[in-house]
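# Structural features, examined
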2 protein chains.
Amino acid sequence: MTARASIRQQVQRVREEAIVGAVNRLLSLKGYDAMTVDEVAAEAGMAKASLYKLFPSKEDLAAAAMVAALDRALAFVDGLNEQASRAPVATLAIAQLKAVVRWAMQTQLEGEMPSLPSQNSSLSASLQLNDQYMDRLVALSTKLGTWVADAQARGQLNSAFPAELVLYTLFARACDPVVTMLKSSGQYTHEQKLDWVTASTFEGLAAR
Amino acid sequence: MTARASIRQQVQRVREEAIVGAVNRLLSLKGYDAMTVDEVAAEAGMAKASLYKLFPSKEDLAAAAMVAALDRALAFVDGLNEQASRAPVATLAIAQLKAVVRWAMQTQLEGEMPSLPSQNSSLSASLQLNDQYMDRLVALSTKLGTWVADAQARGQLNSAFPAELVLYTLFARACDPVVTMLKSSGQYTHEQKLDWVTASTFEGLAAR
DNA sequence: GTCTATATCAAGATAGAC
DNA sequence: GTCTATCTTGATATAGAC
């Protein structure tokens, strides 16, 4: 009896993951407004009505995809922390921040970073009321904030900037449209693009 | 007879400017998708049908606002060039680039910089077919490109970056969402925000 | 030339059969 | 629990009166 229920739950979980994966790709490819629920259903391989049983609205779909993306980011950050705790020499906080930005940009290049209208949409309002989303956003901001404070204290990051500005900039660069623009003019290697955009974020455009 | 016609043309021109101004503000405030033609008509003080006589589609409205914005940018750039030709010492190319980015960010802060979904929308496709828009975009890119090449040749800009990347970054920073994020957390002065975001663009986040 | 009223359509959401 | 078929809404676009 419980086994039957468990199997059914697993099936549902697989279906949910298929939906969230489809939303993730479509959000990355076309953005929230251009994405239609019909497309999501088609890509996930089920009828729209079945999808609406699991996610009661389009906003819930987007929220689920964002939560999953934040979970991946948190997992990456935790992985860096583990590496650092095992490393013989303490890893530089700024190196960890660079690694996170680079990972985010790479994810974006691979079409797996959902990007939302960062401001002014009705979607942002509903996301801010979503506890699952907000919890993860706060958790990620806190972890990155620790590294920022550390890097500023050690003189690795410019201390003239408020930590808030640095955090906002890191989040913004994680979805930097420059990455996509470079994608279309495809005369450079993947690695070059990541190197350049990461460098321009931390070292600036001006010569040093 | 011609006077009558001229007056009528002037009236139309005023109405057109009211419309483009309204579109400009709404695009800056809410973005293209959230902006409705009803709002534009209301803000411009006329009925929707009258508006559609002048601009046959919503995309035409957005294009007109973008053309006007690019004209303002070109005028600003030309102003800098005139100043430089009158100055006793030649102005540094990098200083001019900084001035342009700062001007764009300030315009954005004031709610007068129309921002469009930079990618993947059906709008971008139609804009790329719009000659008025493309001419101005090419003109602006060419002028900025001259400064970029000059600044790289003089060792003011990092020559490791392809000029293309620098240009993309300048355009992207002109609509940097960080500016808006800082706007909401309003504990800083206008000037501070502009200084910081300009500095992070050219000098980077890392300490020098 | 401008406005009121309406057509048209796309997309989010749901009812009901199986 | 899933799918087909349908409802509903909101927004673009237009017809026709004045």
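As a reminder, the structure under discussion sits directly above these lines.
The notes below deal with the structure included here. Computed from a prediction, not measured in an experiment: that's the story for all the values here. (Residues numbered from 1 in each chain as written. Chains lettered and ligands numbered in written order. Predicted model: local features only at pLDDT ≥ 70, side-chain atom pairs only at ≥ 80, totals over all residues. Heavy atoms only, no water.)

### Regarding the relation of the copies chain A and chain B
Under the fitted operation, chain A is carried onto chain B by 0.0 Å of movement along the axis and a turn of 180°, and the coordinates agree to an RMSD of 0.0 Å. On the angle and the small slide along the axis, the relation comes out as a two-fold axis. Taking C-alpha positions as reference, the residue of chain A nearest the rotation axis is Gly204(A), located at 1.8 Å. (Least-squares fit on C-alpha atoms with pLDDT ≥ 70 in both.)

### Focus: the layout of surface pockets
All names here are of chain A. Each pocket or cavity is described by its volume, and for the second largest pocket that value is around 310 Å³. Listed by contribution, the elements that provide at least two residues to the lining of the second largest pocket are α1 (2-30) and α4 (58-86). At five residues, the largest contribution of residues to the lining of the second largest pocket is made by α4. Among the residues forming the lining of the second largest pocket, the class breakdown is six nonpolar, two polar and four charged. (1 Å grid on protein atoms, 1.4 Å probe; cavity = no way out; pocket = protein on both sides within 12 Å on 5 of 7 lines; lining within 4 Å. Points joined across faces, edges and corners; volume = space filled by probe spheres on them. Helix = DSSP H or I, 4+ residues; strand = E, 2+ residues; numbered from the N terminus. Nonpolar A, V, L, I, M, F, W, Y, C, P; charged D, E, K, R; others polar.)

### Quick word on the environment of Glu164(B)
Tracing the backbone shows Glu164(B) in helix α8 (residues 163-174). The spatial distance from the C-alpha of Glu164(B) to the C-alpha of Ala93(B) is 16 Å, given a sequence separation of 71 residues. Setting aside chain neighbours within four positions, we find Glu164(B) in contact with Ser185(A), Gln187(A) and Tyr188(A). (Contact = heavy atoms within 4.5 Å.)

### Some thoughts on empty space enclosed by the protein
Using the criterion set out here, one finds one cavity of 30 Å³ or more in the structure. Going through the elements one at a time, α8 (163-174) and α10 (190-203) of chain A together with α8 and α10 (190-202) of chain B are the ones with two or more residues in the lining of the largest cavity.

### Some points on the environment of Leu109(B)
Residue and element names in this part refer to chain B. Mapped onto the fold, Leu-109 is located in helix α5 (residues 93-109). Of the residues examined, Leu-109 reaches a relative accessible area of 7% and is grouped as buried. Along the sequence, Leu-109 and His-190 sit 81 residues apart, while their C-alpha atoms lie 8.4 Å from each other. Leave out the neighbours within four places in its chain, and Leu-109 touches Val-179, Lys-183, His-190 and Leu-194. (Buried < 20%, exposed > 50% of the residue type's maximum accessible area, 1.4 Å probe, protein only.)

### Considerations on the interface of chain A and chain B
Chain A puts 44 residues into the contact, and the matching count from chain B is 44 residues. Between chain A and chain B, the buried area comes to about 3800 Å², and carbon and sulfur atoms account for 60% of it. The largest share of the area that chain A buries against chain B comes from Phe161(A), Tyr168(A) and Leu205(A), three residues that together contribute 18% of it. Taken together, chain A and chain B are joined by two salt bridges. For Asp176(A), the salt bridge is made with Arg173(B), and the minimal N-O distance between the two is 2.6 Å. Our enumeration of links across chain A and chain B arrives at 22 residue pairs in polar contact (both at pLDDT 80 or more). Within the side of chain A that touches chain B, the residues separate by chemical class into 23 nonpolar, 14 polar and seven charged. (Buried area = accessible area lost by both parts, 1.4 Å probe. Salt bridge = Lys/Arg side-chain N within 4 Å of Asp/Glu carboxyl O. Polar contact = N/O pair within 3.5 Å; in protein donor to acceptor, adjacent residues only side chain to side chain.)

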